[in-house]
Amino acid sequence: MLTYSPEPNLRNSLSSSLLFENVTAALGKVPIVRLNKIHSSCQHHHLYLKLESCNPGGSIKEKNAAYLVNEAEKQGLLQTGSTIVESSSGNFGIGLAIVGATKGYRVMIVIDGKTPVTMRRMLTAYGAELVEVPLSAADAQGSMQLARMAKAQELAANIPGAWYPCQHKNPRNIDAHEVWTAREIVDAFYGAPDAIVIGVSTAGQLGGISRYFKKYYPQTRIIGVDVAGSAIFGTPRHPYKMTGLGLSFVPPNFDPQVLDAAYSVDDSLAFSVCHALAKQEGMLLGASTGAIVAAALADVQRFTQPQSMLLLNPDRGDRYLETVYNADWLAAQNINILQNLHLTEAIANLSPVPFDIVTKN
């Protein structure tokens, strides 16, 4: 399904130049790469990964960071000497640190004891100050998100000139992806793919892209992906090792009505797909990408006619060398990496979450 854009000047409005005034101006200029070998379905269907991992700092969250900072400046919430405070397990914090570095803001990121060493080093390399919340503040399922958010709110309230964007609850978090990401997809496809597969997380990407496509290309199916154990889809909560997906609460920006299908993917399957992507497609990508690709491969098997699908890759794999790509860590977590027929069978057995469960939240 390839249709033409209702906005005839769209292609002209997206700069094709490779010369940028600063690092934030380069956001979104990323390749879209077809999957070929990871699964037999790739020979019949057309699955493309939008490599947001190729943004300057390595993740899609830099778009949210740049957009929200720009909007805060317009509203007078950020001025010379201001401090940006946020709770983040990594990517959004890194995005804010990058933007803060280009604009001269102090950036404080609230982390917790589970934040990987690699993420900590990246944050501090960009100049962010880290404030750690102790693991004793975790909820019954081991989540630190609410404790981190409470600490960020406390810091922002007590630091003169501080601004707390609160990515988890900010209604403007979806706008960057309606303004940028959705239009980038249309530009690449000269219209729209049959389906777009998106990790839910704070629902910024899902909300922005779905809002644009439901308006201009309602025939494009929107598929949401979360990690098993998360609260978002209403499935049973339990601890998980995934970062980048999963929340202990349903984010305000999440609207289940925009979904045509929802998949909940466990750590083992997601991480196994990450390893397969590296070994068979030559792409070292982040943990959530494994879940997104697994869901896409499971969903596309429901169709006999060739499908075109756009899969949103949120971040690079270098952030996960000490976890997802570390055999000793995987063994310590009792996570088995599936290969060959075992991986194919696990994907075939992955079913959508029933809508009566997703929509009851």
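Right above here is the structure, for reference.
So, how was this worked out
Residues numbered from 1 in each chain as written. Predicted model: local features only at pLDDT ≥ 70, side-chain atom pairs only at ≥ 80, totals over all residues. Heavy atoms only, no water. Helix = DSSP H or I, 4+ residues; strand = E, 2+ residues; numbered from the N terminus. Buried < 20%, exposed > 50% of the residue type's maximum accessible area, 1.4 Å probe, protein only. Expected span 1.5 Å × (residues − 1). Phe/Tyr/Trp six-rings, centres within 6.5 Å; stacked < 30°, edge-to-face > 60°. Axes fitted to C-alpha atoms, helices over the stretch in contact; angles between N-to-C directions. Parallel < 35°, antiparallel > 145°, perpendicular 65-115°, else oblique. Left-handed = near helix turned anticlockwise from the far one by under 90°. Contact = heavy atoms within 4.5 Å. Disulfide = S-S within 2.5 Å.

A. Layout of unusual backbone geometry. With phi around 50 degrees, C166 is a residue other than glycine that occupies positive phi space. Its location among the elements puts C166 in the loop between β6 (162-163) and α6 (175-189). Note on C166: relative accessible area 13%, which makes it buried. You will see that S201, though not glycine, has its phi angle at about 50 degrees, which is positive. Structurally, the position occupied by S201 is in the loop between β7 (195-199) and α7 (204-216).

B. Structural detail: α6. In a regular helix each residue adds 1.5 Å, so 15 residues correspond to 21 Å; α6 covers 21 Å between its end C-alpha atoms and thus fits that length. Those residues of α6 that sit buried are D175, A176, H177, T181, A182, E184, I185, V186, D187 and F189. Phi turns positive, to about 50 degrees, at Y190, one or two residues after α6.

C. View of the packing of aromatic side chains. Per the stated rule, a full pass over the model turns up seven aromatic pairs. Here Y48 and F189 contribute two aromatic rings whose centre-to-centre distance is 5.9 Å and whose plane-to-plane angle is 90 degrees, an arrangement assigned as edge-to-face. Here the residue Y48 occupies a position in strand β2 (residues 46-51), and F189 occupies one in helix α6, the gap between them amounting to 141 residues. Under the relative-accessibility criterion, Y48 is labelled partly exposed at 24%. Note on Y212 and Y216: the rings are 4.7 Å apart at their centroids and 50 degrees apart in plane angle, and the pair reads as tilted. Here Y212 pairs with Y216, and both are found in helix α7, just four residues apart, close to one helical turn. Accessibility expressed as a relative area gives 1% for Y212, which makes it buried. The class of Y216 is partly exposed, set by a relative accessible area of 29%. Grouped by ring-pair contacts, the aromatic residues Y212, F213, Y216 and Y217 constitute a single cluster.

D. Quick peek at the packing of α6 against α7. For the pair α6 and α7, the least separation of the axes is 8 Å and the interaxial angle reads 60 degrees. Here α6 lies oblique to α7, going by the angle between them. With respect to the hand of their crossing, α6 and α7 are arranged in right-handed fashion. Residues D175, H177, E178, T181, A182, R183, I185 and V186 of α6 form the contact with α7, whose participating residues are G204, Q205, G208, I209, R211, Y212 and F213.

E. Spatial organisation of helix α5 (residues 145-158). Its 14 residues give α5 an end-to-end C-alpha distance of 20 Å, which sits within 8% of 20 Å, the value for a rise of 1.5 Å per residue. For α5, the full list of buried residues reads Q145, A147, R148, M149, A152, L155 and A156. In this structure, the buried residues of α5 make contact with β3 (83-87), β4 (106-112), β5 (129-133) and β6.

F. Looking closely at the state of the cysteines. Scanning the model with the defined rule gives zero disulfides in all. Considering cysteine sulfurs only, C274 is the nearest to C42, which forms no disulfide, with 15 Å between them. According to the relative accessible area criterion, C42 is buried, its value standing at 1%. With no disulfide partner, C54 has as its closest neighbouring cysteine sulfur the one in C274, 15 Å distant. Relative accessible area serves as the criterion here: at 43%, C54 is assigned to the partly exposed category.

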